[in-house]
Amino acid sequence: MRVGVMSGPERGDAAHKAARMADDARWAEDAGFDTVWVPQVPTDFDALTAVALMGQATERIEIGTAVVPVHAQHPVALARQAMSAQAAAGGRLTLGVGASHHWIVRDMLGLPYDKPAAYTRAYLEVLGAALSGGGSVDVENDVFRVHNPLTLSPLAPLPVLLAALGPVMLRIAGECAGGTVLWMADERSVAEHVAPTLTKAAEAAGRPAPRIVAGIPVCLCAPHEVEAARERANRILGEAEVSPNYQRLLEYGDARDVGDLCAAGDETAIAARFRRFADAGVTDLSVRLLPIGTGRDELVASKLRTRDAVAAIAADFR
């Protein structure tokens, strides 16, 4: 199992965010991580711009988006942006995309969210054609009528992963993408729901074994602080409360909320949780560092301790 870390925009102005994300990528590369994953926060920094910045600051590490919503821009525009970012990153981009959620697409963007699976399949057909570098994108399906000259080609094969939670999306991820990017999926839901559905679809489509990227919060802490870490995870990462997609995914596993997904405790406890995800079929773990404490200084110190511990643990999985 490959282990990577998430790096996304936090508080501060855009200039400081850009510099911090570049620093995070350099640290992750120097620490030996396989991948740095960049979320697309609806209200903040553009993920593919961050990929370009991180790519210029690093030499080896894979840089992935987790994930870019497909409704936010035309697939040809996304392909053009992704290939540009990939060039800046020296061919190291993995493009994670997803249908997002009703509260982003419908409520924030004011766009229809009636048939997200059908829209995503049609979108991936156009996106795949654009990323093939054939010189022209000519696709007509139930959603798009595209005849678009495009001279830009990917610097190297550009993998696409699809955020998929339910059976229909997982089948699309297996048939039309290189795997899936998960959030709110515990070990049981991966082993009994995600991996079998995804792998069966990929095999039926004649595609290679799919990647399963599972995102989880991680906090290095003393045993008596584990409950505080889980409570903090629920407080700041509680998307399941407003997303039916996540609520349905939780039904496939044992976790009831994001706090249950948190790998919290000492190094031994965290390593054991990582191993359970690997045994469930996860090919890539995406770590969301979760600091605990009172005040900025304690939170920063907690984050640094956690990231150093995760780097040491990750070395055992290589």
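Above: the structure in question.
Residues numbered from 1 in each chain as written. Predicted model: local features only at pLDDT ≥ 70, side-chain atom pairs only at ≥ 80, totals over all residues. Heavy atoms only, no water.

1. Remarks on the overall build of the chain
Stage number 1. Within the chain, the secondary structure is distributed over 12 helices and 12 strands.
Stage number 2. Relative to the globule expectation of 20 Å for 318 residues, the C-alpha radius of gyration of the chain, 19 Å, shows essentially globular dimensions.
Stage number 3. On the principal axes, the C-alpha backbone points of the chain span a range of 60 × 40 × 40 Å.
Stage number 4. When burial is assessed residue by residue, the chain has 52% of its 318 residues classed as buried.
Stage number 5. Approximately 13900 Å² of the chain is accessible, and the part contributed by carbon and sulfur atoms is 52%.
Stage number 6. Here the chain holds 31 positive side-chain charges and 39 negative ones, and the gap between their average locations is 2 Å. (Helix = DSSP H or I, 4+ residues; strand = E, 2+ residues; numbered from the N terminus. Rg over C-alpha atoms; globule rule 2.2 N^0.38 Å. Buried < 20%, exposed > 50% of the residue type's maximum accessible area, 1.4 Å probe, protein only. Areas by Shrake-Rupley, 256 points an atom, 1.4 Å probe, with all protein chains shown as cover. Lys, Arg positive; Asp, Glu negative; His and termini not counted. Charge placed at Lys NZ, Arg CZ, Asp CG, Glu CD.)

2. Some points on the packing of helix α5 (residues 116-131) against helix α6 (residues 167-176)
Stage number 1. Closest axis-to-axis distance for the α5/α6 pair is 10 Å, and the angle between their directions is 10°. If you check the angle between α5 and α6, you find them roughly parallel. Together, Pro116, Ala117, Thr120, Arg121 and Leu124 of α5 and Val168, Met169, Ile172, Glu175 and Cys176 of α6 make up the contact between the two elements.
Stage number 2. Looking at side-chain class alone, the contact of α5 with α6 contains seven nonpolar, one polar and two charged residues. (Axes fitted to C-alpha atoms, helices over the stretch in contact; angles between N-to-C directions. Parallel < 35°, antiparallel > 145°, perpendicular 65-115°, else oblique. Contact = heavy atoms within 4.5 Å. Nonpolar A, V, L, I, M, F, W, Y, C, P; charged D, E, K, R; others polar.)

3. Regarding the environment of Gly12
Stage number 1. Summarising the element assignment, Gly12 is placed in the loop between β1 (2-6) and α1 (14-30).
Stage number 2. Residues Gly12 and Arg188 lie 176 residues apart in sequence; the distance between their C-alpha atoms is 38 Å.

4. Side note on the pairing of strand β2 (residues 35-38)
Stage number 1. Burial along β2 is two-sided: the residues Thr35 and Trp37 and Val36 and Val38 are all buried.
Stage number 2. When β1 meets β2, the two strands line up parallel, connected through three bridges. Looking across to β2, one finds that Met6 is bridged to Trp37.
Stage number 3. Here β2 runs beside strand β3 (residues 62-65); their pairing, made up of four bridges, is parallel. In the strand pairing of β3, Val38 is matched with Thr65. (Pairing = 2+ DSSP bridges.)

5. With respect to the pattern of salt bridges
Stage number 1. The final tally for this structure, using the stated rule, is 14 salt bridges.
Stage number 2. Between Arg211 and Glu62 there is a salt bridge, with its nearest N and O atoms 2.9 Å apart. With Arg211 in strand β10 (residues 211-220) and Glu62 in strand β3, this residue pair connects regions lying 149 residues apart in the sequence.
Stage number 3. Residues Arg188 and Glu192 are paired through a salt bridge, measuring 3.3 Å at the closest nitrogen-oxygen approach. Pair noted here: Arg188 and Glu192 are both in helix α7 (residues 187-204), with a separation of four residues, about one helical turn.
Stage number 4. For Arg188, a relative accessible area of 34% corresponds to the partly exposed category.
Stage number 5. In this structure, a network of salt bridges that share partners links the residues Arg2, Glu62, Arg211 and Asp284. (Salt bridge = Lys/Arg side-chain N within 4 Å of Asp/Glu carboxyl O.)

6. Some remarks on the side chain of His193
Stage number 1. Counting through the fold element by element, His193 comes out in helix α7.
Stage number 2. When neighbours within four sequence positions are excluded, His193 is seen to be in contact with Leu165, Gly166, Pro167, Leu170, Arg188, Leu249 and Tyr252.

7. Some remarks on the nonpolar core
Stage number 1. Formed by 100 residues in total, the largest nonpolar core has its most connected members in Phe33, Leu95, Leu127 and Phe274.
Stage number 2. When neighbours within four sequence positions are excluded, Leu95 is seen to be in contact with Leu48, Thr65, Val68, Leu78, Ala82, Leu127, Leu158, Pro159, Val160 and Leu161.
Stage number 3. By size, the runner-up hydrophobic cluster in this structure holds five residues, among which are Val67, Leu161, Val181 and Val213. (Core = buried A, V, L, I, M, F, W, Y, C linked by side-chain atoms within 4.5 Å.)

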